[in-house]
Amino acid sequence: MKEDNRPKFTTKFGVIAATVGSAVGLGNIWRFPYEAGAHGGGAFLAVNILCVLLIGIPVVCAEFLMGRSSRRNIFGAMSALAPKGGRWWRFAGMLGVVSGTLILSFYAVVAGWTLEYLFQSVTGNLTAPDVRDSHAEFMGFTAGWRCVFWTVVLLAVNTVIVLRGVQKGIEKVSNWMMPLLFVLLVMMAVNSLILPGAKEGLSFLFCPDFSHVDSSTVLSALGQAFFSLSVGLGTLTVYGSYFPSRTKIVKSASIMAGLDTMVAIVAGVIIFPAVFSFGMEPAAGPQLVFEVLPDIFRQMTGGGIWAALFFLLLLIASLTSTISLSETGVAFCVEHWNLGRGKAVALTLGIVTFFAIFCALSFGPLSGATLWGMTVFDIFDYVTSNIFLPVGGMLVSIFVGWIVDRATVDRELRPASRFIRRSVIFLLRYVCPVAILAVFLNNLFG
Ligand code: TRP
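## Some words on the overall build of the chain
At step 1: Across its full length, the chain holds 18 helices and 0 strands.
At step 2: Whereas a compact globule of 446 residues would reach a radius of gyration of roughly 22 Å, the chain reaches 21 Å, a difference of no more than 12%.
At step 3: Each of the three principal axes of the chain carries a C-alpha extent, and together these read 65 × 50 × 45 Å.
At step 4: Here the chain holds 446 residues, and 60% of them are scored as buried.

Structure (structure tokens):
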């Protein structure tokens, strides 16, 4: 095993910062509010939390332990940990690397929007009093080439960080970005809570109305849990492979999932009061954050500063996630094609940039290119979150629950108590695969 020359995160804090950095991102601040908004608010949140506890955390543990025990990326881990080289299992690893590329492609576009909005806030244009229609502004911007420009800038920044490597790049950047992100979040939430519509917004988010729950709610809540936890395609396997051997896997997974869910809830607390205060539609879809918030900032004292802070927050959250997505592909190229880090980064990000441009153009020149009513962007988002991630998660849970040697799994889960270790293994063996499959089939045929 490549134990010795593999880079490792250096501190406990670094491990938490990097994993939480991967998990907390647009998934929490941009995607969670619009998914929750579209699926009834509170009921969605309740189902989502259930998915995180019963399915999310065990699969996070599974990915971490695959990485740490093999010291490889998911593709390598599957061959190293399966008896007889896991010829077929490696394809599951491959699926992970491919979906990582697809996710990063549309993710970078949204992260690019945050750059534009940050720029517009700092220059004062976003909150200029003569702007009347945020929807038109958003449509105008995303329809043009500026959107492509910012996507490419974002990917370039990402490239620079990933090039610097695990310790000097990923860990170092996460170490200062994550605390800053938490401070910004709390400031924004307090600010939203004093809006006049706060109560209505909060009850939308926290009082579940289960009459809204159907199979599509459950599938979306599961997809959201996977997306938000960065689970299902090997990102966390790669990070697990950089864990020092003393890192406690169950504890890290729980802290990561806890903080990640908390951030999504806080994002809801920031956004829904504002949506209701200004009489907007919570089910606005992917535009929610970009159309609703600017309207609010415009009407606030010091709105320009709040806007800049918010989009800075979103940018930081996205960057720590895009670097984790990039690292999934980079680690694969380094290990399997024996590329140097520089070449691996160039190859991974080159491919991503190519796809990302198509996603970026989906709102303008390519908005007519649709399949089942979905643009390239929508397809990447829908297919990865609702199909690839759950399938990936199911394969990971079956793999670790049934295929990997039980003693290895048990050793990696220590020092968690016997009860916890058994519960994690039980969930991985029986609950996760069955639940994921059930949700899936129900959605297809239900
Ligand atoms: N979890 C991140 C977010 O919520 C996105 C992300 C990073 C991701 N790495 C991933 C999603 C791997 C799925 C798989 O924004």
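There is more to say after this.
## Here's the deal with the site of the ligand
At step 1: The local shell around the ligand holds 17 residues, among which Ala 23, Gly 27, Tyr 107, Phe 227 and Ser 230 are the closest.
At step 2: At 2.8 Å from a nitrogen atom of the ligand is found a main-chain nitrogen or oxygen belonging to Phe 227.
At step 3: Within the backbone of Ser 228, a nitrogen or oxygen atom sits 3.1 Å from a nitrogen atom of the ligand.
At step 4: Protein chains bury 100% of the 360 Å² of accessible surface belonging to the ligand in isolation.
At step 5: Of all the cavities here, the one that holds the ligand is the largest cavity.
At step 6: Within the residue set of the shell around the ligand, elements represented by two or more residues are α1 (12-23), α2 (26-38), α5 (89-122), α10 (215-229) and α14 (303-336).
At step 7: When the residues that make up the shell around the ligand are grouped by side-chain class, the tally is 8 nonpolar, 9 polar and no charged.

## Overview of a positive patch on the surface
At step 1: Positive charge collects at one region of the surface, where Lys 12, Arg 246, Lys 248 and Lys 251 lie side by side.
At step 2: Along the chain, the position of Arg 246 falls in the loop between α11 (235-240) and α12 (249-277).

## Section: α14
At step 1: The end-to-end C-alpha distance of α14, which contains 34 residues, comes to 50 Å, matching closely the 50 Å that a straight helix rising 1.5 Å per residue would cover.
At step 2: Just beyond α14, the residue with positive phi is Asn 338, at close to 50 degrees.

## Description of a nonpolar patch on the surface
At step 1: Taken together, the side chains of Ile 49, Leu 50, Leu 53 and Leu 54 present a nonpolar region at the surface, about 340 Å² in accessible area.
At step 2: Structurally, Leu 53 is set in helix α3 (residues 42-70).

## Points about empty space enclosed by the protein
Vacant regions in the atomic arrangement are exposed by a probe of water-molecule size rolled over the atoms.
At step 1: Applying the stated criterion to the full structure yields 4 cavities of 30 Å³ or more.
At step 2: Counted as a void, the largest cavity has a volume near 140 Å³.
At step 3: Considering the residues around the largest cavity, the lining is formed by 16 residues, among which Ser 22, Ile 103, Phe 227, Ser 230 and Leu 325 are closest to the centre.
At step 4: The element contributing the most residues to the lining of the largest cavity is α14, with 3 residues.

## Concerning the pattern of salt bridges
At step 1: Within the structure shown, the criterion is met by 10 salt bridges.
At step 2: The shortest N-O distance in the salt bridge between Glu 412 and Arg 411 comes to 3.7 Å.
At step 3: On the accessibility criterion, Glu 412 (7% relative accessible area) is buried.
At step 4: Taken together, the shared-partner salt bridges connect Arg 31, Glu 35 and Asp 381 into one network.

## Examining unusual backbone geometry
At step 1: Note that the residue after Arg 414, namely Pro 415, is joined by a cis bond; omega there is 5 degrees.
At step 2: Of note in the backbone geometry, Ser 230 takes a positive phi value of approximately 60 degrees without being a glycine.
At step 3: Along the chain, Ser 230 turns up in the loop between α10 and α11.
At step 4: Using a relative accessible area of 13% as the deciding quantity, one classes Ser 230 as buried.

## Details of the layout of surface pockets
At step 1: The volume enclosed by the largest pocket comes to roughly 270 Å³.
At step 2: As for the largest pocket, its lining consists of 16 residues, of which Glu 35, Met 374, Asp 378, Tyr 382 and Asn 386 are closest to the centre.
At step 3: Where the lining of the largest pocket is concerned, the elements lending two or more residues are α2, α10 and α16 (376-403).
At step 4: Taken together, the residues of the lining of the largest pocket break down into 6 nonpolar, 6 polar and 4 charged.

## Structural notes on the packing of aromatic side chains
At step 1: Overall, the coordinates contain 34 aromatic pairs when judged by the stated rule.
At step 2: With a centroid separation of 5.2 Å and 40 degrees between ring planes, the pair formed by Tyr 117 and Phe 311 is classed as tilted. Taken together, the positions of Tyr 117 in helix α5 and Phe 311 in helix α14 put the pair 194 residues apart, joining distant regions of the chain. Each of the two residues, Tyr 117 as well as Phe 311, counts as buried.

## Notes on α1
At step 1: The end-to-end C-alpha distance of α1 is 17 Å, a good match for the 16 Å that 12 residues give at a rise of 1.5 Å each.
At step 2: Among the 12 residues of α1, 9 are classified as buried, and the element is accordingly described as predominantly covered.
At step 3: Taken residue by residue, α1 has Gly 14, Val 15, Ala 17, Ala 18, Thr 19, Val 20, Gly 21, Ser 22 and Ala 23 as its buried positions.

## Some points on the environment of Leu 437
At step 1: One can find Leu 437 in helix α18 (residues 418-445).
At step 2: Expressed as a C-alpha distance, the spacing of Leu 437 and Met 394, which sit 43 residues apart in the sequence, is 7.8 Å.

Reading the values: rules and limits
- Residues numbered from 1 in each chain as written.
- Predicted model: local features only at pLDDT ≥ 70, side-chain atom pairs only at ≥ 80, totals over all residues.
- Heavy atoms only, no water.
- Helix = DSSP H or I, 4+ residues; strand = E, 2+ residues; numbered from the N terminus.
- Rg over C-alpha atoms; globule rule 2.2 N^0.38 Å.
- Buried < 20%, exposed > 50% of the residue type's maximum accessible area, 1.4 Å probe, protein only.
- Near = heavy atom within 4 Å.
- Polar contact = N/O pair within 3.5 Å; in protein donor to acceptor, adjacent residues only side chain to side chain.
- Areas by Shrake-Rupley, 256 points an atom, 1.4 Å probe, with all protein chains shown as cover.
- 1 Å grid on protein atoms, 1.4 Å probe; cavity = no way out; pocket = protein on both sides within 12 Å on 5 of 7 lines; lining within 4 Å.
- Sits in = over half its atoms within 2 Å of the grid points.
- Nonpolar A, V, L, I, M, F, W, Y, C, P; charged D, E, K, R; others polar.
- Patch = residues over 30% accessible without salt bridge, like charges linked within 9 Å, V, L, I, M, F, W, Y side chains within 5 Å.
- Salt bridge = Lys/Arg side-chain N within 4 Å of Asp/Glu carboxyl O.
- Lys, Arg positive; Asp, Glu negative; His and termini not counted.
- Charge placed at Lys NZ, Arg CZ, Asp CG, Glu CD.
- Expected span 1.5 Å × (residues − 1).
- Points joined across faces, edges and corners; volume = space filled by probe spheres on them.
- Phe/Tyr/Trp six-rings, centres within 6.5 Å; stacked < 30°, edge-to-face > 60°.

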